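Structural description and commentary
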Amino acid sequence: MNFISIIMGSKSDYEIMKHCADTFERFNVNYELIISSAHRSPTRTKNYIKEAEEKGAIAFIAAAGMAAHLAGALASVTTKPVIGVPMKGGAMDGMDAMLSTVQMPAGMPVGTVALGRSGAINAAYFAMQILAITNKELAVKLKEDRIVQAKKVETDSKEVEVLL
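About the thresholds
- Residues numbered from 1 in each chain as written.
- Predicted model: local features only at pLDDT ≥ 70, side-chain atom pairs only at ≥ 80, totals over all residues.
- Heavy atoms only, no water.
- Helix = DSSP H or I, 4+ residues; strand = E, 2+ residues; numbered from the N terminus.
- Rg over C-alpha atoms; globule rule 2.2 N^0.38 Å.
- Buried < 20%, exposed > 50% of the residue type's maximum accessible area, 1.4 Å probe, protein only.
- Contact = heavy atoms within 4.5 Å.
- Areas by Shrake-Rupley, 256 points an atom, 1.4 Å probe, with all protein chains shown as cover.
- Lys, Arg positive; Asp, Glu negative; His and termini not counted.
- Charge placed at Lys NZ, Arg CZ, Asp CG, Glu CD.
- Pairing = 2+ DSSP bridges.
- Axes fitted to C-alpha atoms, helices over the stretch in contact; angles between N-to-C directions.
- 1 Å grid on protein atoms, 1.4 Å probe; cavity = no way out; pocket = protein on both sides within 12 Å on 5 of 7 lines; lining within 4 Å.
- Points joined across faces, edges and corners; volume = space filled by probe spheres on them.
- Nonpolar A, V, L, I, M, F, W, Y, C, P; charged D, E, K, R; others polar.
- Patch = residues over 30% accessible without salt bridge, like charges linked within 9 Å, V, L, I, M, F, W, Y side chains within 5 Å.
- Salt bridge = Lys/Arg side-chain N within 4 Å of Asp/Glu carboxyl O.
- Phe/Tyr/Trp six-rings, centres within 6.5 Å; stacked < 30°, edge-to-face > 60°.
- Expected span 1.5 Å × (residues − 1).
- Arc of directions from axis to C-beta.

Looking only at helices and strands, the chain has 6 helices and 5 strands in total. Along the chain, from the amino end to the carboxyl end, the secondary structure elements read β-α-β-α-β-α-β-α-β-α-α. Taking 15 Å as the expected radius of gyration for a compact globule of 164 residues, we find that the chain reaches 17 Å, a close match to that expectation. Each principal axis of the C-alpha distribution contributes one length, and for the chain these read about 55 × 40 × 30 Å. Out of the 164 residues belonging to the chain, those deemed buried represent 41%. Looking at the chain alone, contacts between residues at least 24 apart form 67% of all its contacts between residues at least 6 apart. Total accessible area on the chain is roughly 9,400 Å²; 57% of this is exposed by carbon and sulfur atoms. Taking the 18 positively charged and 17 negatively charged side chains of the chain as two groups, their mean positions are separated by 3 Å.

Structure (structure tokens):
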């Protein structure tokens, strides 16, 4: 069974990352969600990556805050796509997480999305776009969703024009 793995560095990341899981559920995309810290439980994290790949993980979404660069740690042990979601918090309010996620050495790519809720949702969309390369049904659903989003923006725009 193909699926996307969502890995959070801490339980506190769930309130944001549930939006990623909710997005997968809206599109009937299989996912697995776990908490595993690359720094507090590195062996568990590495073992999970191997097990997930054997079970059919197509890509990994890694969410962590501060400079705890979970996405980079994942990229170092897999050749599957890794999408990093920097989380807000700490003394730098997410800037350190964002910088550690985007500053990867050549040959260790991590796709990086926005901080927080938007990042969690965009990580799901990015992973689904990867899946949609070989899943035509999902490709159609994503195109239909894009049309719905465009119509919503047009409607919102017209409402603002009326208010002006």
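Once the structure has been displayed, the description carries forward.
The element strand E3 (residues 57–65) is extensively covered by neighbouring structure, given that 7 of its 9 residues are classed as buried. Alignment of strand E1 (residues 3–8) against E3, held across 6 bridges, turns out to be parallel. Each residue of the ladder has a partner; that of Ser 5, found in E3, is Phe 60. As defined by bridge partners, E3 adjoins strand E4 (residues 82–87) across 6 bridges and the pair is classed as parallel. Within E4, the position partnered with Ile 61 by the bridge is Ile 83.

With that settled, the discussion passes to the sheet that holds strand E5 (residues 111–112). Pairing between sheet strands relies on hydrogen bonds along the backbone, with the strands arranged either parallel or antiparallel. The sheet built from 5 strands is open, its strands ordered E2-E1-E3-E4-E5 with parallel pairing. The open sheet has two edge strands with one neighbour each: strand E2 (31–35) and E5. Here helix H2 (residues 42–55) sits on the sheet and contacts E1, E2 and E3; the angle it forms with E3, its principal contact strand, is near 150°. Packed on one face of the sheet, helix H5 (residues 116–132) meets E1, E3, E4 and E5 and runs near 175° to E4.

Moving on, we get to the layout of surface pockets. Taken as a whole, the second largest pocket encloses approximately 220 Å³ of empty space. In terms of lining, the second largest pocket is formed by Asn 2, Phe 27, Asn 28, Val 29, Asn 30, Ile 58, Leu 131, Thr 134, Asn 135, Glu 137, Leu 138 and Lys 141. At 3 residues, the largest contribution of residues to the lining of the second largest pocket is made by helix H6 (residues 136–163). Of the residues in the lining of the second largest pocket, the class split is 5 nonpolar, 5 polar and 2 charged.

Taken together, the side chains of Met 92, Met 95, Leu 99 and Val 102 present a nonpolar region at the surface, about 350 Å² in accessible area. The class of Met 92 is partly exposed, set by a relative accessible area of 47%.

For the structure on display, the rule yields 2 aromatic pairs. With a centroid separation of 5.9 Å and 25° between ring planes, the pair formed by Phe 24 and Tyr 31 is classed as stacked. We classify Phe 24 as buried; its relative accessible area is 0%. For Tyr 31, a relative accessible area of 28% corresponds to the partly exposed category.

Moving on to H2. Spanning 14 residues, H2 covers 20 Å between terminal C-alpha atoms, matching the ideal 20 Å at 1.5 Å per step. All of the buried residues in H2 are Thr 45, Tyr 48, Ile 49 and Ala 52. Buried residues of H2, seen end-on, are gathered within an arc of 105° and therefore sit on one face of the element. Counted as exposed and oriented over 90 degrees from the buried face of H2: Thr 43, Lys 46, Lys 50 and Glu 54. Phi turns positive one or two residues past the end of H2, at Gly 56, with a value near 115°.

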